[in-house]
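Per-entry structural report
One letter stands for each residue in the lines below.
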Amino acid sequence: MAIRVINEKCIGCGMCVKTCPFDAIDMINKKAVIKDNCTVCGACVDACPVDAIVKDESKRQGMDISKYEGVWVFAEQRDGEVLNVAIELLGEGRKLADKRGVELTAVLLGKGIDNVAEELVKYGADKVLYVDNELLEVYTTDGYTKVISELINDRKPEIMLIGATTIGRDLGPRLSARLGTGLTADCTRLEIDEEDGKLLQTRPAFGGNLMATIITPDHRPQMSTVRPGVMEKAHYNEDANGKVETLAVDLTEADIKAKVEECIKSEKEEVALEEAPIIVAGGRGVGNEKGFEVIEKLAHKLGGVVGSSRAAVDAGWIEHPHQVGQTGKTVRPKLYIACGISGAIQHLAGMQSSDCIVAINKNADAPIFKVADYGIVGDLYEVIPALIEALDKVDDIMEAFKAASK
Ligand code: FAD
Ligand code: SF4
Ligand code: SF4
């Protein structure tokens, strides 16, 4: 698509020059001339009082998008275990596929993991494209990009969803560049446009201060990476029917430039925030590193894990894997207790889908109280010990009750 000036109509008023946010229009001999740095934003089209600027659809460089059909999900697995985010994508993919009236396909790459392929069917995939090859046992950018891009070129899905994991964030851009299509990274909402069936891909923009909805009008597939923990997981149904298609591919060692010599797992214990049903999170209000001990105590008492705001991470009181929010993890536990966290939009972006939010903050006007189901106005160093004491009492009562009923 391009922007074109109809010279016969242009009256040289200069409105478009003033409107263009990219300084992409010159006035030459009293006629508007579009420069190379035009982004096709369309602002000048609306600004021209005599309709002398048009979007030239004939210059669309897109492909024949009518040939593309179906929703695909990249079923990321590690050591033969499918990641939660892939199950979340199957849940979301199912909704999108049903709206479009098309098949939901899971794409699984690995070695000797037929059982995972079957599991994906139980999670709702109509079809699983399973590529079984020893060169795909461990993820490599070259190997996975080659195989998946060839599959896409061959079968032409209209939508391709990938989890925004470390691997997904590597694979997504490589695929989109190879296929010549767009990619919307880190989506938090996906919908089908009721009017034209296009995928509406929503993600936070400008530091999380607004949500941008992005479309891929002229190219296919419409590709998105989606943050783990944002979408609801697909339900497991033992009786679900689907087809597993095992594919052989033409892949040699020469196709893979980087060789994986060894996989060494991090010795640090993974903070399983995305999986945790209970999270107790601390923010700048905790005051110092030692203060996180009280947060840990409450988390331990409740059988939960410790989360944090970015301010606490930036202060060096706790490590980044604990951070919740736009640049941290997205979580949706059953219970989220925010202690000394103000409730900045970037923090809320990572936790506001929690089932029940409890906020402890000494400022009654803190924005966190707007999203909290229960709010406690007070000093966390008084409130948390009181909570732990109350929980201890409940434990004692339960013990006594059990002993009495024996
Ligand atoms: P503050 O905003 O300083 O709030 C501290 C709160 O503690 C206050 O409300 C205060 O009343 C309360 N308090 C103080 N003492 C006590 C006490 N003794 N008892 C009870 N309450 C007390 N932030 C994130 O959290 N996650 C992100 O992923 C993230 N990503 C970002 C990305 C970008 C691009 C940008 C620009 C910012 C991002 N931020 C993120 C930062 C975010 O904007 C806020 O600065 C941050 O969340 C503030 O952390 P806080 O609530 O702990 O601190
Ligand atoms: Fe400027 Fe946008 Fe018009 Fe291009 S389409 S000339 S960038 S206002
Ligand atoms: Fe010409 Fe329209 Fe631009 Fe005015 S706004 S200079 S009429 S193209």
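Residues numbered from 1 in each chain as written. Chains lettered and ligands numbered in written order. Predicted model: local features only at pLDDT ≥ 70, side-chain atom pairs only at ≥ 80, totals over all residues. Heavy atoms only, no water.

A word on the packing of aromatic side chains. Under the defined criterion, the tally for this structure stands at three aromatic pairs. When the centroid spacing of 6.2 Å and the interplanar angle of 85° are considered together, the rings of Phe74 and Tyr144 count as edge-to-face. Taken together, the positions of Phe74 in strand 5 (residues 71–74) and Tyr144 in helix 5 (residues 141–155) put the pair 70 residues apart, joining distant regions of the chain. For Tyr144, a relative accessible area of 4% translates into the label buried. Between Tyr139 and Tyr144, the aromatic rings sit 4.9 Å apart at their centres with planes inclined by 70°, giving edge-to-face as the arrangement. Among the aromatic residues, those joined into a ring-pair cluster are Phe74, Tyr139 and Tyr144. (Phe/Tyr/Trp six-rings, centres within 6.5 Å; stacked < 30°, edge-to-face > 60°. Helix = DSSP H or I, 4+ residues; strand = E, 2+ residues; numbered from the N terminus. Buried < 20%, exposed > 50% of the residue type's maximum accessible area, 1.4 Å probe, protein only.)

Another point: the pattern of salt bridges. As enumerated under the stated definition, the model contains 23 salt bridges in all. Where Arg78 meets Glu76, a salt bridge forms, and the shortest distance between an N and an O atom there is 2.7 Å. The closest approach of N and O atoms between Glu389 and Lys393, which form a salt bridge, is 3.9 Å. Here Glu389 and its partner Lys393 are both found in helix 11 (residues 380–405), four residues apart, which amounts to about one turn of the helix. Each of the salt bridges in this network shares a partner with another, and the network as a whole consists of Arg94, Asp98 and Asp126. (Salt bridge = Lys/Arg side-chain N within 4 Å of Asp/Glu carboxyl O.)

Every one of the 13 residues lining ligand 3 counts as a neighbour, but Cys10, Cys13, Gly14, Cys16 and Cys48 are closest to it. Taken together, the residues of the shell around ligand 3 break down into 11 nonpolar, two polar and no charged. (Near = heavy atom within 4 Å. Nonpolar A, V, L, I, M, F, W, Y, C, P; charged D, E, K, R; others polar.)

Ordered by their spatial adjacency, five strands build an open sheet running 18-17-19-20-21, and the pairing between neighbours is parallel. Because the sheet does not close on itself, it has two edges, and the strands there are strand 18 (305–308) and strand 21 (374–377). Sheet twist, expressed as the average angle between the axes of neighbouring strands with direction ignored, equals 20°. Bridge count for strand 19 (residues 335–339) against strand 20 (residues 356–361) is five bridges, and the pairing is parallel. (Pairing = 2+ DSSP bridges. Axes fitted to C-alpha atoms, helices over the stretch in contact; angles between N-to-C directions.)

A word on the domain arrangement of the protein chain. By the assigned domains, the protein chain splits into domain 1 (2–56), domain 2 (65–255) and domain 3 (273–396). For domain 2 and domain 3, the distance between their C-alpha centres works out to 33 Å. Opposite the 10 residues of domain 2 that make contact, domain 3 presents 10 residues. Of the roughly 840 Å² buried between domain 2 and domain 3, counting both surfaces, carbon and sulfur atoms make up 34%. The interface formed by domain 2 and domain 3 contains zero salt bridges. Applying the counting criterion to the domain 2 and domain 3 interface returns seven residue pairs in polar contact (both at pLDDT 80 or more). The class makeup of the residues in the side of domain 2 that touches domain 3 is three nonpolar, five polar and two charged. (Domains from an automatic or database assignment. Contact = heavy atoms within 4.5 Å. Buried area = accessible area lost by both parts, 1.4 Å probe. Polar contact = N/O pair within 3.5 Å; in protein donor to acceptor, adjacent residues only side chain to side chain.)

Take the site of ligand 2 next. As a matter of local geometry, ligand 2 sits amid 14 residues, with Cys20, Cys38, Cys41, Gly42 and Cys44 nearest to it. Residues belonging to the shell around ligand 2 are distributed by class as follows: 12 nonpolar, two polar and no charged.

With that settled, consider the sheet that holds strand 12 (residues 189–192). Spatially, the three strands line up as an open sheet ordered 12-13-14, and their pairing is antiparallel. Taken across any chain shown, the strands that pair with only one partner, and hence form the sheet edges, are strand 12 and strand 14 (210–214). Strand-to-strand twist of the sheet, defined as the mean angle between neighbouring strand axes without regard to direction, takes the value 25°. Across five bridges, the pairing between strand 13 (residues 199–205) and strand 14 is antiparallel. Of the residues in strand 14, the one forming a bridge with Pro204 is Met211. Contacting strand 12 and strand 13, helix 3 (residues 84–100) crosses the sheet at an angle of about 15° to strand 12.

Within the secondary structure, Ala281 sits in strand 17 (residues 278–282). We classify Ala281 as buried; its relative accessible area is 0%. In this structure Ala281 touches Ile295, Gly307, Ser308, Tyr336, Ile337, Ala338, Cys339 and Ile341, once residues within four positions along its chain are discounted.

The next thing to look at is the pairing of strand 12. Only one face of strand 12 is buried, namely the one carrying Leu190 and Ile192, since none of Arg189 and Glu191 on the opposite face is buried. Relative to strand 13, strand 12 runs antiparallel, the two sharing four bridges. Of the residues in strand 13, the one forming a bridge with Leu190 is Gln201.

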